[in-house]
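Listed below are the residues making up each chain.
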Amino acid sequence: MTAVIDLRSDTVSKPTPAMRAAMAAAPVGDDCYADDPSVNALEAEVAALLGKPAALLLPSGTMANQIAVATHARPGEVLACVAEAHVQVHEDASPARLSGVQVEALGDRAGFDADTLAARLLEERCGWPRVGLVWMENTLGLAGGLVWPHEAMRAVFERAQAHRRPVHIDGARLWNAHVASGLPMRTLASVADSVSVCLSKGLGCPVGSVLVGEHDFIARARATRHAFGGALRQAGVLAAAGRHALEHHIARLADDHRRARALWAELKDLPCWTAIEPQTNIVRFDLPAGEDAEPLCARIRARGVLCHPNKYAEIRLVVHLGVDDEAVEATVQRVREALLA
Ligand SMILES: Cc1ncc(COP(=O)(O)O)c(C=O)c1O
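Source: prediction; values computed, not measured. In this numbering scheme, every chain counts its residues from 1 along its sequence in written order. For this predicted model, a pLDDT threshold of at least 70 governs which residues receive local features, and a threshold of 80 or more governs which side-chain atom pairs are given and counted, while totals over whole chains, interfaces and linings are taken from all residues. With hydrogens and water stripped out, all remaining heavy atoms of the structure feed into the side-chain values.

K.L.:
Which residues make up the pattern of salt bridges, and what values do they have?
P.N.:
Side chains that differ in sign of charge can pair as their charged atoms come close. For this analysis, a salt bridge means a side-chain nitrogen from Lys or Arg found within 4 Å of a carboxyl oxygen belonging to Asp or Glu. Inspection of the entire model under this criterion finds 24 salt bridges. Note that Arg233 and Asp30 form a salt bridge whose closest N and O atoms lie 3.3 Å from each other. Highlighted residues: Arg233 in the loop between helix H10 (215-227) and helix H11 (236-248) and Asp30 in the loop between helix H1 (17-24) and helix H2 (37-50), separated in sequence by 203 residues. For Lys311, the salt bridge goes to Glu84, with nearest N and O atoms at 2.9 Å. On the criterion of sequence distance, the pair formed by Lys311 in strand S12 (residues 308-311) and Glu84 in the loop between strand S3 (78-82) and helix H4 (86-89) is long-range, its members being 227 residues apart. Relative accessibility under 20% of the residue-type maximum defines a buried residue, over 50% an exposed one, and the middle range a partly exposed one, all with a 1.4 Å probe and only protein chains included. Look at Glu84 and you get partly exposed, because its relative accessible area is 23%. One salt-bridge network, in which partners are shared between bridges, spans Glu84, Arg109, Arg284, Asp286, Lys311 and Glu314. Strands are runs of DSSP state E lasting at least 2 residues, helices are runs of H or I lasting at least 4, and numbering of each runs from the N terminus.

Below you can see the structure in the form of structure tokens.
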């Protein structure tokens, strides 16, 4: 059998030789003293790209999200998020652990609308805890990388603003939403007070996320980063990877999206699942309700395609920088053999 194909996540991609060269050549300084020229340049570039005044480089998307929670909301308040958001299901209950904030889901995993938010805010008159932060995600990871329609997000943002509630977007894959929708990054980011983006997913960096927002918000987030143990020193080597990715790895996400679509088209007729048409780089396969996806994943892995369940009765395949057309063809063949045998 030829090489193993890893479709567990877009986080598994490896830095390219050109990215490694950029990292090796990076000028560095101590970022705790705001002395690292590469970090400062990356933060300025991401802030400009997303149309926000300031930015902060962080080690991970989870830390970026948790710093956003701690900076916007107060202990005893509620983070009202789209159902099954990463912050709700895959961050180990950190809003409660780190910030004393309770997570409450709105709508379903494809999004919620402004009226649903408004209805929740009305319950505060009946003693429900105050919503201190409204949370959207784009693309919607657990839904299978779906793009949350921009006008719907704008309506949520405007309603939250009318009630003076801050809004955050987990934009770990906002780059994919940008390429899929054709809307500029700054437009996508304009419907929130703060946005977190990941460099280590579709953009192919080894480490890094960036949080953007107003100057005052980012100054407070910088202090929280220190409190959470995430302060960085000669992080220019990481920032250089990010700057390289901004230049070379955004437009190419269209290839990932095309390949995800090819996987879906070639595998959707298998009788064991319903394949959800992908909008970006994630293909979701839903099994009949209550059926364990893990045995099917194990059969696929045994044929040399790494994957895992998305939920108990769902499988996901994620396309990334390390997956070419040949790997897509081989995946189709191996998955068909695994599941039709
Ligand atoms: C939507 C979303 N947000 C946040 C994160 C967290 O990123 P990290 O793994 O860098 O902590 C992920 C990771 O997969 C994600 O998919």
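So, next bit.
K.L.:
So what's going on with the domain arrangement of the protein chain? Which residues, and what values?
P.N.:
Often the size quoted for an interface is simply the accessible area lost on bringing the parts together. Each domain span listed reflects an automatic or database assignment of domains. When cut into domains, the protein chain gives domain 1 (17-248) and domain 2 (253-340). Relative to domain 2, the C-alpha centre of domain 1 lies at a distance of 28 Å. With 18 residues of domain 1 in contact, the opposing surface of domain 2 contributes twelve residues. Counting the surface lost from both domain 1 and domain 2, the interface buries some 1400 Å², and carbon and sulfur atoms represent 53% of this. In this assembly, domain 1 and domain 2 are joined by two salt bridges. Counted as a polar contact is a pair of N or O atoms within 3.5 Å, where, for protein atoms, one must be capable of donating a hydrogen and the other of accepting one, and residues adjacent in sequence contribute only when both atoms are in side chains. Joining domain 1 to domain 2, the criterion identifies seven residue pairs in polar contact (both at pLDDT 80 or more). In the scheme used here, Gly and all other residues not listed as nonpolar or charged are polar, with Ala, Val, Leu, Ile, Met, Phe, Trp, Tyr, Cys and Pro taken as nonpolar and Asp, Glu, Lys and Arg as charged. Grouping the amino acids of the side of domain 1 that touches domain 2 by side-chain chemistry returns eight nonpolar, seven polar and three charged. In this analysis, two residues are considered to be in contact whenever any of their non-hydrogen atoms come within 4.5 Å of each other. Accessible area, probed at 1.4 Å, shrinks when two parts are joined; the buried area is that loss added up over both.

K.L.:
How would you summarise the site of the ligand if you had to cite specific residues and measurements?
P.N.:
Near, as used in this document, describes a residue that has one of its heavy atoms within 4 Å of the molecule or strand being considered. Surveying the vicinity of the ligand reveals the residues Ser60, Gly61, Thr62, Asn65, His86, Glu91, Glu137, Asp170, Ala172, Arg173 and Lys201. Between Asp170 and the ligand, the recorded distance is 2.6 Å, taken from a side-chain N or O atom to a nitrogen atom. The contact in question runs from an oxygen atom of the ligand to an N or O atom on the side chain of Arg173, over 2.9 Å. Out of a free accessible area of 390 Å², the ligand has 80% covered by protein chains. The pocket occupied by the ligand, as judged from atoms lying within 2 Å of grid points, is the largest pocket. Residue contributions to the shell around the ligand peak at three residues, all from helix H3 (residues 61-72). Only the protein chains shown count as covering a residue, and every accessible area follows the Shrake-Rupley method with a 1.4 Å probe. In the cavity and pocket records, a cavity denotes points on a 1 Å grid over the protein atoms alone where a 1.4 Å probe fits but cannot get out, a pocket denotes an open set with protein on both sides within 12 Å along at least 5 of 7 lines, and lining residues are residues with an atom within 4 Å of a point. Pocket occupancy is defined atom-wise: a molecule lies in a cavity or pocket when more than half of its atoms are within 2 Å of its grid points.

K.L.:
Would you mind going over helix H14 (residues 325-340) in detail, with residue names and values included?
P.N.:
Along its 16 residues, H14 runs 22 Å from first to last C-alpha, staying within 8% of the 22 Å computed at 1.5 Å per residue. All of the buried residues along H14 are Ala327, Val328, Ala330, Thr331, Val332, Arg334, Val335, Ala338 and Leu339. Against strand S1 (5-6), helix H12 (253-267), helix H13 (294-302) and strand S11 (305-306) lie the buried residues of H14. A helix is expected to reach a length of 1.5 Å times the quantity of its residues less one.

K.L.:
Describe the layout of surface pockets, and please don't skip the residues or the numbers.
P.N.:
Grid points are joined across faces, edges and corners, and a volume is the space filled by probe spheres set on the points. Roughly 500 Å³ of internal volume is contained in the largest pocket. Surrounding the largest pocket, 30 residues form its lining, His86, His90, Arg173, Lys201 and Arg316 being those nearest its centre. At the level of secondary structure, the elements contributing two or more residues to the lining of the largest pocket comprise H3, H4, strand S7 (194-198) and S12. Looking at the lining of the largest pocket element by element, the count peaks at four residues for H3. If you count residues domain by domain, the lining of the largest pocket takes at least three from each of domain 1 (17-248) and domain 2 (253-340). Volume-wise, the second largest pocket comes out at about 360 Å³. As for the second largest pocket, its lining consists of 16 residues, and the residues nearest its centre are Ala3, Val4, Ile5, Asp6 and Gly322. Taken together, the elements giving at least two residues each to the lining of the second largest pocket come down to S1 and H14. Looking at side-chain class alone, the lining of the second largest pocket contains seven nonpolar, four polar and five charged residues.

K.L.:
Any details on the packing of helix H8 (residues 174-181) against H12? Residues and values, ideally.
P.N.:
Axis definition: a line fitted to C-alpha atoms, limited for helices to the stretch in contact. Angles are taken between N-to-C directions and run from 0 to 180 degrees. Orientation of H8 relative to H12, taken along the N-to-C sense of each, is 80 degrees, at an axis distance of 9 Å. As summarised for this structure, H8 and H12 are arranged roughly perpendicular, according to the angle between their axes. The residues of H12 that touch H8, namely those facing Trp175, Asn176, Val179 and Ala180, are Leu253, Ala254 and His257. Considering only residue class, the contact of H8 with H12 consists of five nonpolar, two polar and no charged. Orientation is classified from the angle alone, with under 35 degrees giving roughly parallel, over 145 giving roughly antiparallel, 65 to 115 giving roughly perpendicular, and any other angle giving oblique.

K.L.:
An account of the sheet that holds strand S5 (residues 131-137) is requested, with residue identities and associated values reported.
P.N.:
Here seven strands make up an open sheet; going across it, the order is S2-S8-S7-S6-S5-S3-S4 and the pairing mixed. Of all the strands in the sheet, the pair left with one neighbour each is strand S2 (54-58) and strand S4 (102-106). Ignoring strand direction, the axes of neighbouring strands in this sheet form an average angle of 20 degrees. In this sheet, strand S8 (residues 209-213) lies alongside S7 in antiparallel orientation, the contact comprising four bridges. Within S8, the position partnered with Val197 by the bridge is Val210. Set on the sheet, helix H6 (residues 114-122) makes contact with S3, S4 and S5; between it and S4 the angle comes to about 135 degrees. Any two strands between which DSSP finds at least two bridges are classified as paired.

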